Amino acid sequence: MDDARERLLLDGDNTIPSPNRHCPRWLCCLLPCLDSTPSMIAYKACLPDAAYVLRDGDDLCVDADGLVKGDVVILKPGIVVPADVHVLDCTENFTTSCFDKKGISLTHVPASSKSEGIERFCFAGCTVLRGQGKGVIINTGEKTLMAYLIENRHWPISQKAKSMITK
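Once a new chain begins, its residue numbering starts again from 1 and follows that chain's sequence as written. Whole-chain, interface and lining totals are the exception, using all residues; otherwise, since this is a predicted model, local features are given only for residues with pLDDT of at least 70 and side-chain atom pairs are given and counted only at 80 or more. Values shown for side chains rest on all heavy atoms present in the structure; no hydrogens or waters enter the calculation.

1. Side note on the pairing of strand β4 (residues 84-90)
(1) Moving on: As judged from the six bridges shared by β4 and strand β9 (residues 133-139), these two strands associate in the antiparallel manner. Bridge pairing links valine 85 to isoleucine 137 in β9.
(2) Moving on: Pairing between strands requires that DSSP locate at least two bridges from one strand to the other. Runs of H or I in DSSP of at least four residues are treated as helices and runs of E of at least two as strands, each being numbered from the N terminus. Pairing analysis gives two bridges linking β4 to strand β7 (residues 121-122), with the strands arranged antiparallel. Considered in β7, the bridge of histidine 86 is made with phenylalanine 121.

Next up, the structure:
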């Protein structure tokens with residue numbers, strides 16, 4: 001546990017910045033309806049409250065903000081991936097999905113637990129559709145692909161960002 005606390009102090013918490021960060025403060029205060037925009041609805045749907053991790057041999061439910069690089073997360077259907085993850089092991093039918101601007105899912109299917117390359121990764125905000133797996137967290141918070149997309153105004157996922165992910 002102390003190792004996770006040290007990594008949390010070093011890397012910061014697993015908080016992904018809001019798409020409204022580019023909105024002028026005065027406008028955000030005057031228009032609370034910004035929270036009901038498609039990008040904010042998609043953003044909120046991609047933020048899990050908690051995740052199951054293996055730490056020091058124990059299976060724990062941890063607040064998503066407290067996840068750190070190196071944590072091993074359990075991935076099951078319905079789970080929102082809490083950070084960028086390198087898949088260590090998964091079933092043959094393991095499938096995740098992320099949303100683009102039209103609400104159409106971008107499905108990502110690792111061919112098997114022996115696959116290599118981009119298909120061995122799950123990104124923060126994606127949902128596990130089928131199968132099971134476990135993976136090690138490689139990026140949290142502002143270092144995730146989702147944070148990069150938000151910072152560069154490609155959130156929800158734009159066609160350009162979609163091509164980056166699927167190559």
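2. Here's the deal with a negative patch on the surface
(1) Moving on: Together, Asp13, Asp49, Asp63, Asp65 and Glu142 make up a negatively charged patch on the protein surface.
(2) Moving on: Residue placement: aspartate 13 occurs in the loop between α1 (2-11) and α2 (25-30).
(3) Moving on: Buried means the residue's accessible area, taken with a 1.4 Å probe over protein chains only, is under 20% of the maximum for its type, while exposed means over 50%, and partly exposed covers the values in between. What makes aspartate 13 partly exposed here is its relative accessible area of 43%. A residue counts toward a patch only above 30% relative accessible area and without a salt bridge, and it is joined to like-charged neighbours within 9 Å or, for Val, Leu, Ile, Met, Phe, Trp and Tyr, to nonpolar neighbours within 5 Å. Each accessible area is a Shrake-Rupley result for a 1.4 Å probe, and residues are judged covered by the shown protein chains and nothing else. Criterion for a salt bridge: a side-chain nitrogen of Lys or Arg within 4 Å of a carboxyl oxygen of Asp or Glu. Residues counted as positive are Lys and Arg, residues counted as negative are Asp and Glu, and His and the chain ends are not counted. Lys charges are placed at NZ, Arg charges at CZ, Asp charges at CG and Glu charges at CD.

3. Details of the sheet that holds β4
(1) Moving on: Taken in spatial order, the six strands line up as β2-β1-β3-β9-β4-β7 in an open sheet, and their pairing is antiparallel. Every other strand in the sheet has two partners, leaving β2 (58-63) and β7 as the edge strands with one partner each.
(2) Moving on: Pairing geometry for strand β1 (residues 50-55) and strand β3 (residues 72-75), over two bridges, is antiparallel. From the neighbouring strand, leucine 54 faces β3, where its bridge partner is valine 72.

4. Comments concerning the nonpolar core
Looking at soluble globular proteins, one finds that nonpolar side chains tend to be buried together.
(1) Moving on: Counting residues in each nonpolar core, the largest one holds 20 residues, and the members touching the most others are Leu75, Val81, Val85, Phe94 and Cys122.
(2) Moving on: Looking at this core, the elements with two or more residues in it are β1, β3, β4 and α4 (145-151).
(3) Moving on: Top element by residues in this core is β4. It accounts for three residues.
(4) Moving on: Two residues form a contact once any of their heavy atoms are found within 4.5 Å. In this structure leucine 75 touches Val81, Val85, Phe94, Cys122, Val128, Gly131, Gln132, Gly133, Lys134 and Gly135, once residues within four positions along its chain are discounted. Working definition of a nonpolar core: buried Ala, Val, Leu, Ile, Met, Phe, Trp, Tyr and Cys residues. They are joined through side-chain atoms within 4.5 Å.

5. Side note on the environment of threonine 15
(1) Moving on: Along the polypeptide, threonine 15 turns up in the loop between α1 and α2.
(2) Moving on: With relative accessibility at 35%, the residue threonine 15 sits in the partly exposed group.
(3) Moving on: When the C-alpha atoms of threonine 15 and leucine 47 are compared, they prove to be 9.0 Å apart, with 32 residues separating the residues in sequence.

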